[in-house]
Amino acid sequence: MATNRTFTMLKPDAVANGYIGGILKMINDAGFRIAAMKYTKLSAEAAGAFYEVHKERPFYGELVTYMSSGPIVAVILEKENAIADFRTLIGATDPTKADAGTIRKIYAKSISANAVHGSDSDDNAQIEGDFFFSKLERF
Ligand code: IDP
Ligand code: MG
């Protein structure tokens, strides 16, 4: 189920820099349909839980602090081949290594404050979408 959906967040740096509109336009222009969307802010506890898989990595503390530093936009996106196509659209984790024309190349500041999240698998897209949205909030 849900193999045509992915989950993204517009991260605190993107929101603070006024890039919500620009990033959503790139997402729409790439053919993704918005199935759910929410403007919210993660507590440190919630950010820690969302990124639990990265708990052992050296940047985990920095990541949790950063992701709870300001509001974010959480979005479920729908498109054929959504996971892979969205990873292509956002580009590499490190914006200095991201391809030209990708969201991270255009909008990201650093490997930590890299503008957007993108799910890496169908299972994680489901888990991450469930983290933010009830059934009644998806269309
Ligand atoms: P991804 O977001 O491209 O899937 P992941 O390896 O899953 O990258 O890392 C999750 C997030 O953790 C990244 O988007 C970025 O915000 C942060 N991150 C990853 N690697 C580093 C690092 O080396 N230093 C600081 N933050 C990092
Ligand atoms: Mg990842």
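The structure this text deals with has already been given above.
Residues numbered from 1 in each chain as written. Chains lettered and ligands numbered in written order. Predicted model: local features only at pLDDT ≥ 70, side-chain atom pairs only at ≥ 80, totals over all residues. Heavy atoms only, no water.

Draft legend 1. Focus on the sheet that holds strand 1 (residues 5–10). Here we have three strands laid out as an open sheet, ordered 1-3-2, and antiparallel in their pairing. With partners counted over all chains shown, the strands left at the sheet margins are strand 1 and strand 2 (33–40), one partner each. Neighbouring strand axes in the sheet, compared pairwise and without regard to direction, differ in orientation by 15° on average. Summarising the sheet, strand 1 and strand 3 (residues 72–78) pair through six bridges and their orientation is antiparallel. Considered in strand 3, the bridge of Arg5 is made with Glu78. (Pairing = 2+ DSSP bridges. Helix = DSSP H or I, 4+ residues; strand = E, 2+ residues; numbered from the N terminus. Axes fitted to C-alpha atoms, helices over the stretch in contact; angles between N-to-C directions.)

Draft legend 2. How the structure looks around the nonpolar core. Of all hydrophobic cores here, the largest spans 20 residues; its most connected members are Leu10, Ile23, Ile27, Phe32, Phe86, Leu89 and Ile103. Breaking this core down by element, the ones donating at least two residues are helix 1 (12–16), helix 2 (20–29), strand 3, helix 5 (82–90) and helix 6 (103–107). With near-sequence residues (within four places) excluded, Ile27 lies in contact with Leu10, Phe32, Leu77, Phe86, Leu89 and Ile103. By size, the runner-up hydrophobic cluster in this structure holds 19 residues, among which are Met9, Tyr51, Leu63 and Met67. (Core = buried A, V, L, I, M, F, W, Y, C linked by side-chain atoms within 4.5 Å. Buried < 20%, exposed > 50% of the residue type's maximum accessible area, 1.4 Å probe, protein only. Contact = heavy atoms within 4.5 Å.)

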